[in-house]
Amino acid sequence: MKLVATGFLVVATVIFFAARSQEAGGPAWVGYVRAAAEAGMVGALADWFAVTALFRRPLGLPIPHTAIIPTRKDTFGNALGDFVGQNFLAETVVREKLRRAEISRRAGEWISREENAERVTSELASVVRGAVTVLRDEDVQAIVEQAIVTRVTAKPWGPPLGRLLEQVLTDGAHHKLVDLLCDRAYDWVRDNHESVMRVVSNRAPTWSPKFVDSMLADKVYTELVNFAWAVKTDVNHPMRRAVDTFLVEFSGDLQDDPLTVERAEQVKQQIIGHPDVQRLIDSAWGTAKKMLLDAAEDPSSELRKRVREGLVSFGRRLVEDESMRDKVEGWIEGAAAYVVNNYRAEITTLITDTVERWDAAETSRKIELQVGKDLQFIRINGTVVGALAGLLIHTIASIFFA
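Every value quoted in this text rests on a predicted model; they were computed, and no experiment measured them.

Colleague: Teacher, can you tell me more about the overall build of the protein chain here?
Modeller: Helix and strand counts for the protein chain stand at 19 helices and zero strands. Against the compact-globule benchmark of 21 Å for 402 residues, the protein chain has a radius of gyration of 48 Å, which places it well outside the compact range. Oriented by its inertia axes, the alpha-carbon framework of the protein chain measures out at about 170 × 45 × 40 Å. The buried share of the protein chain, taken over its 402 residues, is 28%. Split by element, the accessible area of the protein chain, about 26,800 Å² in all, is 63% carbon and sulfur. One way to put it: in the protein chain the 49 positive side-chain charges average out to a point 6 Å from where the 55 negative ones average out.

Listed below in structure tokens is the structure:
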């Protein structure tokens, strides 16, 4: 294109000199051709200078305001960054673009398909496997002990246990447990006649006759069976009321009695310090890690199945529930608005910093390669328009000043 544009200049120059040599004594139209060619030369040279001055110094001369792109590259980068930040990263523009994109509906339609939900589930499983594999067991174990065990043991157990027991008693949920205990007690007494006989016999005085011990044991056994049956069948039995009273008082003591609270703390320390409990705490992460890896590896695992079903269900809700879509769109727009409002400068520095790192000469060359073809048309147009303008000026001058 440079050759083509230069060719226009050469043609105009040749025509000018040819016409100029024939103008004296020649026909009148030669003057018009000479004027057009002369103006075309001027236009071509002027536009050549303008186009060349963008990228380098014409003829290597230090003319002011030339080599504009190499010398003002950083200024252009800053201006471009500001332009993008103000016109493309404005909150209203971002919100409007996201609203028209209907991201939530499109995402819902995509994720509601079984094959896509399976793909997302597989990717999530890969992320879980990678994260679990990267984490060091000792670090996670330390977090478990500090964040969970320490926090659980830091506060007294008595008051919350007391409140929990009080709520259970208020709701009457403990009655089924009492019924179970009464049933088991009756069954045990009924099925352990020999044990009761042996206990009574062992407790009897050595001088007591055996038949008396046997009669006494039978009597005790009968009374125990009757008592256990009465407790089992009578919901208002004094024994049951005594249990209720004890539990109510105990729940209050767990909350308010310092001695009971202290004993609860001692029990807590004994539980935490028990070797089996310590081994359970130490192995908690290892067990959880194995479960996660196994579930992530197995496409038919319950975990992956539930995740897949949850994704499909969520996708369908996004498609069918307009209020759900509006809520998700609000979250997306809010997140995007927060990013552009708080990090607009950091985003635009991607442009300015990149431009600053470019070599000035290389940048000028790359830009010229991208837009140079169109710029050469400016030179061609300058030659043609200059010629037409020169022809017009010469015609007007000939009419008015002939």
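Colleague: Would you explain unusual backbone geometry in this entry?
Modeller: In terms of backbone geometry, most residues other than glycine have negative phi values and most peptide bonds are trans. In this structure, E102 takes a positive phi of about 50° despite not being glycine. Relative to the assigned elements, E102 resides in the loop between helix 5 (91-101) and helix 6 (103-111). With relative accessibility at 36%, the residue E102 sits in the partly exposed group.

Colleague: What is the right way to look at a nonpolar patch on the surface in this model?
Modeller: Among the surface-exposed residues, M1, V4, F8, F377, V384 and L388 lie close enough to one another that they form a single nonpolar patch of about 490 Å² accessible area. Of all the secondary structure elements, the ones that give two or more residues to the nonpolar patch are helix 1 (2-23) and helix 19 (360-401). Top contributing element to the nonpolar patch by residue count: helix 19, with three residues. Mapped onto the fold, V384 is located in helix 19.

Colleague: Sorry, what's going on with the packing of helix 1 against helix 2 (residues 29-55) here?
Modeller: For any two helices packed against each other, the geometry comes down to the angle between their axes and how far apart the axes lie. Where helix 1 contacts helix 2, the two axes come as close as 8 Å, and the packing angle between them is 145°. Along this stretch, helix 1 crosses helix 2, giving a crossing that reads as left-handed. Each of L9, A12, T13, I15, F16, A19, R20, Q22 and E23 in helix 1 lies in contact with helix 2, whose residues at this interface are V30, G31, V33, R34, A37, E38, G40, M41, A44 and L45. Per-class residue counts for the contact of helix 1 with helix 2 are eleven nonpolar, four polar and four charged.

Colleague: Help me out: how do you make sense of the pattern of salt bridges in this one?
Modeller: Pairs can form between side chains of opposite charge whenever their charged atoms are close. Enumeration over the complete set of coordinates arrives at 17 salt bridges. Several salt bridges share partner residues, and in doing so they unite E91, R95, E96, R99, R100 and E333 into one network.

Colleague: Is there a simple way to think about helix 7 (residues 114-134) in this case?
Modeller: Across its 21 residues, helix 7 extends 30 Å between first and last C-alpha, which sits within 8% of the 30 Å expected from 1.5 Å per residue. Every buried residue of helix 7 is listed here: N116, A117, T121, A125 and V132.

Colleague: Teacher, can you tell me more about the environment of D187 here?
Modeller: Looking at where D187 falls in the secondary structure, it is placed in helix 10 (residues 175-191). Look at D187 and you get partly exposed, because its relative accessible area is 25%. For the pair D187 and M197, spaced ten residues apart in sequence, the C-alpha separation works out to 16 Å.

Colleague: Help me understand the packing of helix 5 against helix 18 (residues 322-357) in this model?
Modeller: With their axes 9 Å apart at the nearest point, helix 5 and helix 18 run at an angle of 150° to one another. Between helix 5 and helix 18, the angle falls in the class roughly antiparallel. Here helix 5 runs over helix 18; the crossing is right-handed. Side by side, helix 5 and helix 18 meet where E91, V94, R95, L98 and R99 of the first sit next to E329, I332, E333, G334, A336, A337, V340, N341 and R344 of the second. Of the residues belonging to the contact of helix 5 with helix 18, the class tally is six nonpolar, two polar and six charged.

Colleague: Just to check I follow, could you spell out the side chain of T348 for this structure?
Modeller: Mapping T348 onto the fold places it in helix 18. On the accessibility criterion, T348 (11% relative accessible area) is buried. Aside from chain neighbours lying at most four places away, what touches T348 is G81, G85 and L89.

Colleague: How should I be thinking about the confidence of the model for the protein chain in this particular structure?
Modeller: If pLDDT is low for a region, its predicted coordinates should not be looked at in detail. Counting all residues, the mean pLDDT for the protein chain is 81, and 92% of those residues have values of 70 or more. Across the protein chain, the element-wise mean pLDDT spans from 68 in helix 8 (residues 137-154) up to 90 in helix 6.

Colleague: I would appreciate a short explanation of a negative patch on the surface in the present structure.
Modeller: A surface patch of negative charge is lined by E166, E249, D253 and D256. Among the elements that take part in the negative patch, helix 13 (residues 238-256) stands out by supplying three residues, more than any other.

Colleague: Help me out: how do you make sense of the environment of A79 in this one?
Modeller: You can see A79 is positioned in helix 4 (residues 73-87). According to the relative accessible area criterion, A79 is partly exposed, its value standing at 42%. Considering only alpha carbons, one finds A79 and T352, 273 residues apart in sequence, at a separation of 8.4 Å.

Definitions and limits used
Residues numbered from 1 in each chain as written. Predicted model: local features only at pLDDT ≥ 70, side-chain atom pairs only at ≥ 80, totals over all residues. Heavy atoms only, no water. Helix = DSSP H or I, 4+ residues; strand = E, 2+ residues; numbered from the N terminus. Rg over C-alpha atoms; globule rule 2.2 N^0.38 Å. Buried < 20%, exposed > 50% of the residue type's maximum accessible area, 1.4 Å probe, protein only. Areas by Shrake-Rupley, 256 points an atom, 1.4 Å probe, with all protein chains shown as cover. Lys, Arg positive; Asp, Glu negative; His and termini not counted. Charge placed at Lys NZ, Arg CZ, Asp CG, Glu CD. Patch = residues over 30% accessible without salt bridge, like charges linked within 9 Å, V, L, I, M, F, W, Y side chains within 5 Å. Salt bridge = Lys/Arg side-chain N within 4 Å of Asp/Glu carboxyl O. Axes fitted to C-alpha atoms, helices over the stretch in contact; angles between N-to-C directions. Left-handed = near helix turned anticlockwise from the far one by under 90°. Contact = heavy atoms within 4.5 Å. Nonpolar A, V, L, I, M, F, W, Y, C, P; charged D, E, K, R; others polar. Expected span 1.5 Å × (residues − 1). Parallel < 35°, antiparallel > 145°, perpendicular 65-115°, else oblique. pLDDT = per-residue confidence, 0-100.

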